Amino acid sequence: MSTAIETMVKFEVFRYQPDWDEPTYQVYDVPYHEDWVVLDALNYIKDTIDGTLTYRWSCRMGVCGSCGAMVNGYPKLTCAAFLSEYMPGPIRVEPLVNFNVERDLVTNLEGFMDKLESVQPWIIRDDGATDELKSEYLQTPAQHAVYQQFSMCINCLLCYAACPVSSHSDEFIGPAALALAQRYNLDSRDEGVEQRRDVILKDEGIWECSFVGECSAVCPKHVDPAGAIQQAKMTGAIDYYRRLLMPWTVKS
Amino acid sequence: MSAVDQLQHDVLVIGGGGAGLRAAIAVAQEHPDLSIGIVSKVYPMRSHTVAAEGGMAAVIKDNDSAEDHIYDTISGSDWLADQDAVEMFVEEAPRELIQLEHWGCPWSREATGHVAVRPFGGMKIQRTWFATDKTGFHVLHSLFQTCLQFPSITRYDEWFATKLLVDDGRCQGCTAIELRTGQLRPIYAKSVIIATGGAGRIFPFTTNGAIKTGDGLAMAYRAGVALKDMEFVQYHPTGLPGTGILITEASRGEGGVLRNNKGERYLADYDLGEPLPLDDPRHPQLRTMELGPRDRLSQAFIKEQEKGNTYSGPYGSYVHLDIQHLGEHRIDTKLPFVRELARNYGGIDPVTESIPVRPVVHYMMGGIDTDIEAATSLPGLYAAGECACVSINGANRLGSNSLTELVVFGARAGRNAAQFASASDPAAVDRLESQVDEERARIRRILEQPSGGDRVAELRREMTTTMEEGAGIYRTQEGIEQTYDTLSDLRERFGSVDLDDRTNVYNTDLISALELDYMLDLSLALAASARDRTESRGSHQRTDHPDRDDDQFLKHSLAMRGDDGTPEVSFRDVVITKWPPGSRTYGSSEQAKAATTES
């Protein structure tokens with residue numbers, strides 16, 4: 001066993017409970033491990049120092065999307081934020097911005113859940129009701145590649161914390177939900193573009209995006225929601241002029 | 001509380017992962033008149049189905065047959081699977097996977113546009129459908145997003161179910177804590193489906209996420225339903241040391257190999273066949289070497305460790321999983337998540353280095369005793385997915401059968417629970433109120449327990465430690481009994497567990513305590529079942545009883561919770577239809593056998 005003195009890291013963690021007037025920052029000293037992520041430190045605090053610290057987590061491998069937080073002011077999955085990147089500290093951990101806080105690092109996701117549902121993120125087909133499941137729909141690797149990137153969203157919501165539009169508008173449907181709308185619109189098996197049109201093209205939809213691109217910069221899964229929104233704007237614009245100038249080409 | 005405020009549904013699903021969502025959609029599609037509730041302690045897209053990687057088995061290609069999938073599954077189970085259930089499972093699997101395809105699951109494709117399949121351990125034909133190496137993620141999100149379209153489904157996201165409500169011999173709902181408020185409320189229903197997943201968190205080193213604490217199993221157990229085959233715990237042979245993060249079997253399906261500290265492909269020494277050179281076009285060979293079943297590969301690791309043939313690191317022994325020869329392009333196309341995980345959490349790039357791996361607790365073959373209809377012995381209660389034990393997995397599950405199990409049995413549970421609900425009266429709310437009050441009192445006792453007892457994290461650490469010591473890959477009578485005693489002691493000490501957090505809103509300290517309470521029940525049931533099965537079969541290896549004993553133990557174990565809370569174990573015959581128990585052979589011995597049969 002090593003006799004060296006353990007290196008400690010200071011954590012400044014945002015604390016809040018609904019019956020408090022003000023949030024506060026609590027400082028914890030956590031032993032430094034080169035292979036630890038911020039989530040390991042939070043678990044260390046909860047298990048050995050303070051069981052009241054409240055946060056969400058599960059898979060600790062970057063796929064369940066539960067553990068997003070602001071780490072030193074930047075939206076991160078805490079299970080993918082290595083302490084070594086923040087040394088010598090201190091490391092400040094706060095709830096994702098642009099969401100209401102329920103307690104400590106736990107934010108309210110209900111607004112996002114409504115937005116997700118509003119874009120109808122499921123396969124819509126005219127033959128949906130009569131589907132007999134005899135065989136798979138064919139989809140070539142090239143057709144698959146068109147939407148594949150946008151299907152990788154884990155709903156971690158880092159993009160909403162990074163989005164300047166979401167910071168001043170609760171109504172803006174936002175990067176993840178719009179990327180998922182585009183994911184289905186681009187899927188060769190889907191026929192739901194018309195049904196999603198109104199939601200995506202309405203005021204709170206793609207046109208509100210000011211294309212700062214922060215959403216894509218923070219996305220841990222390289223989904224590129226900004227790219228999805230730009231694509232949708234392009235399609236929306238073409239569609240607008242087509243409706244205006246060539247109405248006979250538009251499906252009723 | 002007035003009737004208006006009551007939470008009531010026809011069918012209540014507990015658990016919002018793959019099985020629960022599939023069940024809910026089955027009810028919504030086929031019985032649009034029925035009201036459905038889904039209670040989940042996390043938002044459904046966080047459910048642990050999300051972490052499954054390699055793929056999902058179903059017969060779809062012309063060179064494959066149901067007969068082959070059935071045989072692979074039964075021999076993989078070391079003949080402990082119920083053969084009628086396996087036959088039905090294999091028959092229904094392709095339709096369910098096509099259904100997922102029609103719901104948008106982005107399966108990886110062949111150039112023709114048909115779904116692609118890959119090899120998997122213990123399967124003698126390539127039949128594993130996959131969405132790169134994030135199959136579970138895509139399946140879960142496809143199911144969740146699909147379920148959003150049904151107005152008859154009401155979700156209780158971040159509600160923690162605590163107890164089943166049973167009256168007149170019929171399950172009629174559950175109590176659950178709304179995390180946002182801390183309120184415990186009854187949710188009444190005409191039938192209930194448990195789909196809460198496994199309980200890998202009773203062990204210290206597991207691929208399972210923090211939420212896999214087996215709450216649903218414990219609720220069924222406490223309601224008088226047996227837990228079946230709990231002694232069978234699957235160690236996946238390739239987890240990252242330290243974190244236990246899963247490196248998918250698909251990495252071996254694509255041609256990855258395991259090497260010990262001498263650089264040898266050591267599986268050749270464990271009756272799994274002969275290694276072929278990596279440039280041999282026949283590599284990887286199905287049901288051979290690295291594509292042997294998980295139990296045998298994990299056991300081989302322990303033997304190598306005993307011989308001193310493993311590497312040692314800060315998180316114990318490990319061997320090398322080498323996929324370098326696949327090349328960067330193939331790794332990035334077929335195994336992008338493996339590369340991401342190895343880089344982020346293993347600190348190595350598998351394109352140029354071998355990945356350190358060791359066996360890690362991954363899956364429970366055992367679970368709530370269900371029949372082929374997903375029904376339990378308690379009328380109105382159904383279960384599906386990892387929390388259930390039909391059994392199609394027996395003593396060892398084959399990789400890529402579990403995601404398929406979620407949808408096949410999830411759909412069956414949904415249909416059967418819907419039928420049951422349609423023929424049943426509403427819950428007897430008046431008679432159930434006292435149970436709700438009792439449950440409220442039980443939780444208040446934990447919350448208001450005077451200080452001075454052990455903290456949740458300490459008891460949990462001791463539980464997981466003793467489980468690994470006594471109920472790991474190799475077991476002995478003495479070791480299991482020691483573990484059982486330690487668990488009994490922990491069960492006592494839990495009575496005075498001391499919470500740091502005494503508040504209501506999002507009290508995760510309280511939830512952890514309730515989870516620990518459930519895990520202690522499950523650990524005891526597991527240890528008792530392992531103690532009483534004095535043979536070795538599949539994942540249950542007793543060094544003091546090294547052989548399979550079909551005369552005594554071609555049977556499922558059934559652990560019932562006795563009046564004093566301790567498990568009582570009995571046994572029930574396995575269903576054999578067409579495949580009498582045979583010797584379980586892989587690799588060269590199998591090829592030799594096949595050659596003899598053909599000649």
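The residue count restarts for each chain, going from 1 along the sequence in the order it is written. The lettering of chains begins at A and the numbering of ligands begins at 1, in the order of writing. In keeping with the predicted nature of the model, local features appear solely for residues at pLDDT of at least 70, side-chain atom pairs appear and are counted solely at 80 or more, and the whole-chain, interface and lining totals rest on all residues.

*Asks:* Would you mind going over the packing of helix α6 (residues 175-185) of chain A against helix α9 (residues 225-245) of chain A in detail, with residue names and values included?
*Replies:* Residues and elements named next belong to chain A. Axes here refer to lines fitted to C-alpha atoms; in helices the fit is confined to the stretch in contact. Angles between the N-to-C directions go from 0 to 180 degrees. Under the DSSP-based scheme used, a helix requires at least four consecutive residues in state H or I and a strand at least two consecutive residues in state E, with every element numbered from the N terminus. Taken N-terminus to C-terminus, the directions of α6 and α9 make an angle of 55°; their axes are 8 Å apart at the nearest point. Judged on the interaxial angle alone, α9 and α6 are oblique. Relative to α9, the crossing made by α6 is left-handed. Here P175, A176, L178, A179 and Q182 of α6 lie close against α9, whose contacting residues are P225, A226, A228, I229, Q231 and A232. If an angle is under 35 degrees, it is roughly parallel; if it is over 145, roughly antiparallel; if it lies from 65 to 115, roughly perpendicular; otherwise it is oblique. Note on convention: near helix rotated counterclockwise from far helix by under a right angle means a left-handed crossing. Clockwise means right-handed. Any residue pair is listed as a contact if its two C-beta atoms, each placed from the backbone, are within 7 Å.

*Asks:* I'd love a proper account of the domain arrangement of chain B, names of residues and values included.
*Replies:* Residues and elements named next belong to chain B. How far each domain reaches was decided by an automatic or database domain assignment. The domains assigned to chain B are domain 1 (3-232 + 365-433), domain 2 (237-360) and domain 3 (450-563). For domain 2 versus domain 3, the separation of C-alpha centres amounts to 30 Å. Opposite the 5 residues of domain 2 that make contact, domain 3 presents 5 residues. In terms of residues, the side of domain 2 that touches domain 3 owes the most to one element, helix α7 (residues 294-306), which gives 4 residues. Throughout this entry, Asp, Glu, Lys and Arg are counted as charged residues, while Ala, Val, Leu, Ile, Met, Phe, Trp, Tyr, Cys and Pro are counted as nonpolar. The remaining residues, Gly among them, count as polar. Among the residues forming the side of domain 2 that touches domain 3, the class breakdown is 2 nonpolar, 2 polar and 1 charged.

*Asks:* Talk me through helix α3 (residues 83-102) of chain B; I want residue IDs and the actual numbers.
*Replies:* All names here are of chain B. For a helix, the expected span equals 1.5 Å multiplied by the residue count minus one. Here α3 spans 29 Å end to end across 20 residues, near enough to the 28 Å set by a 1.5 Å rise per residue. Bending of α3 peaks at approximately 35° at the position of A93, with proline P94 no more than four residues after it. Within α3, 14 of the 20 residues are buried, which leaves it mostly tucked inside the rest of the structure. Of the residues one or two after α3, G104 is the one with positive phi, at around 105°. Note on bend: at a given residue it equals the angle between the axes fitted to the 7 residues ending there and to the 7 starting there. Counting other C-beta atoms within 10 Å of its own, a residue is labelled buried from 20 upward, exposed at 12 or fewer, and partly exposed in the gap between, with every C-beta atom placed from the backbone.

*Asks:* Now, about the interface of chain A and chain B: what can you tell me, with residues and values included?
*Replies:* The partner chain B presents 46 residues to the 43 residues of chain A that form the contact. Of all the secondary structure elements, the ones that give two or more residues to the side of chain A that touches chain B are α1 (38-49), β6 (101-103) and α3 (141-148) of chain A. Ranked by the residues each element gives to the side of chain A that touches chain B, the list is headed by α3(A), at 3 residues.

*Asks:* I'd like a description of the pairing of strand β22 (residues 567-573) of chain B, backed by residues and values.
*Replies:* For two strands to count as paired, DSSP must find a minimum of two bridges between them. Where strand β21 (residues 555-561) of chain B meets β22(B), 7 bridges bridge the pair, whose relative direction is antiparallel. Its bridge partner being in β22(B), B:M560 is matched across the sheet by B:E568.

*Asks:* Please set out unusual backbone geometry residue by residue, giving values where relevant.
*Replies:* Residues and elements named next belong to chain A. In this structure, P88 follows M87 across a cis peptide bond, with omega equal to 5°. Looking at the element boundaries, P88 is found in the loop between β4 (74-77) and β5 (91-94). Omega for the peptide link from G89 to P90 comes to 0°, which places this bond in the cis form. Within the secondary structure layout, P90 lies in the loop between β4 and β5. Residue D104 is not a glycine yet carries a positive backbone phi of 45°. Residue placement: D104 occurs in the loop between β6 and β7 (106-107).

*Asks:* Let's hear about the sheet that holds β22(B): which residues, and what values?
*Replies:* Residue and element names in this part refer to chain B. Here 5 strands make up an open sheet; going across it, the order is β18-β16-β10-β21-β22 and the pairing mixed. With one partner strand each, in any of the chains shown, β18 (388-389) and β22 form the two edges of the open sheet. As judged from the 2 bridges shared by strand β10 (residues 227-228) and strand β16 (residues 367-369), these two strands associate in the antiparallel manner. Paired with L227 across the strands is I368, a residue of β16.

*Asks:* Please give an account of the environment of B:R412 that cites residues and values.
*Replies:* Residue and element names in this part refer to chain B. By the element assignment, R412 lies in helix α10 (residues 402-422). With 25 C-beta atoms counted inside 10 Å, the residue R412 sits in the buried group. R412 sits 348 residues away from D64 along the chain, and the two C-alpha atoms are 25 Å apart. Every residue in contact with R412, bar those within four places of it in the chain, is listed here: E373 and A374.

*Asks:* Outline the nonpolar core, listing residues and values.
*Replies:* By definition, a nonpolar core groups buried Ala, Val, Leu, Ile, Met, Phe, Trp, Tyr and Cys residues that are joined through C-beta atoms within 7 Å. In this structure, A:L178, B:A23, B:A24, B:I193, B:A220, B:A383 and B:A384 are the most contacted members of the largest nonpolar core, which totals 260 residues. The dominant element in this core, judged by the number of residues it contributes, is helix α14 (residues 508-532) of chain B, at 15 residues. B:I193 has contacts with B:V11, B:V13, B:I14, B:G20, B:A23, B:Y382, B:A383, B:A384, B:A413, B:G414 and B:A417, leaving out every residue within four places of it along the chain.

*Asks:* Please provide a residue-by-residue account of the packing of helix α13 (residues 477-494) of chain B against α14(B), values included.
*Replies:* Residue and element names in this part refer to chain B. At their nearest, the axes of α13 and α14 sit 9 Å apart, and the two run at 155° to each other. Between α13 and α14, the angle is such that the two are roughly antiparallel. Crossing angle aside, the handedness with which α13 passes α14 is left-handed. Of α14, the residues touching α13 (which contributes Q477, I480, E481, T483, Y484, L487, L490, R491 and F494) are L516, D517, L520, S523, L524, A527, A528, A530 and R531. Considering only residue class, the contact of α13 with α14 consists of 11 nonpolar, 3 polar and 4 charged.

*Asks:* Give me the lowdown on the domain arrangement of chain A, citing residues and values where you can.
*Replies:* Residue and element names in this part refer to chain A. Taken domain by domain, chain A comprises domain 1 (8-107) and domain 2 (110-249). Between the C-alpha centres of domain 1 and domain 2 the distance comes to 31 Å. Contact with domain 1, which involves 12 residues of that partner, is made by 13 residues of domain 2. Listing elements by their share of the side of domain 1 that touches domain 2, those giving two or more residues are β3 (68-71) and β4. Of all the elements, β4 adds the most residues to the side of domain 1 that touches domain 2, at 3 residues. Residue classes in the side of domain 1 that touches domain 2 are distributed as 7 nonpolar, 4 polar and 1 charged.

*Asks:* Talk me through the pairing of strand β8 (residues 170-178) of chain B; I want residue IDs and the actual numbers.
*Replies:* Residues and elements named next belong to chain B. Where burial is concerned, most of β8 is hidden: 7 out of the 9 residues are buried. The pairing of strand β7 (residues 159-167) with β8 spans 7 bridges and is classified as antiparallel. Bridging across to β8, W159 finds its partner in E178. Here β7 folds back onto β8 in antiparallel fashion, the turn holding 2 residues, of which D168 has a positive phi close to 55°. Sheet analysis places β8 next to strand β9 (residues 183-194), joined by 6 bridges and oriented antiparallel. Its bridge partner lying in β9, E178 is registered against Q183. The hairpin formed by β8 and β9 contains 4 residues between the paired strands, and G182 there has a positive phi angle of roughly 85°.

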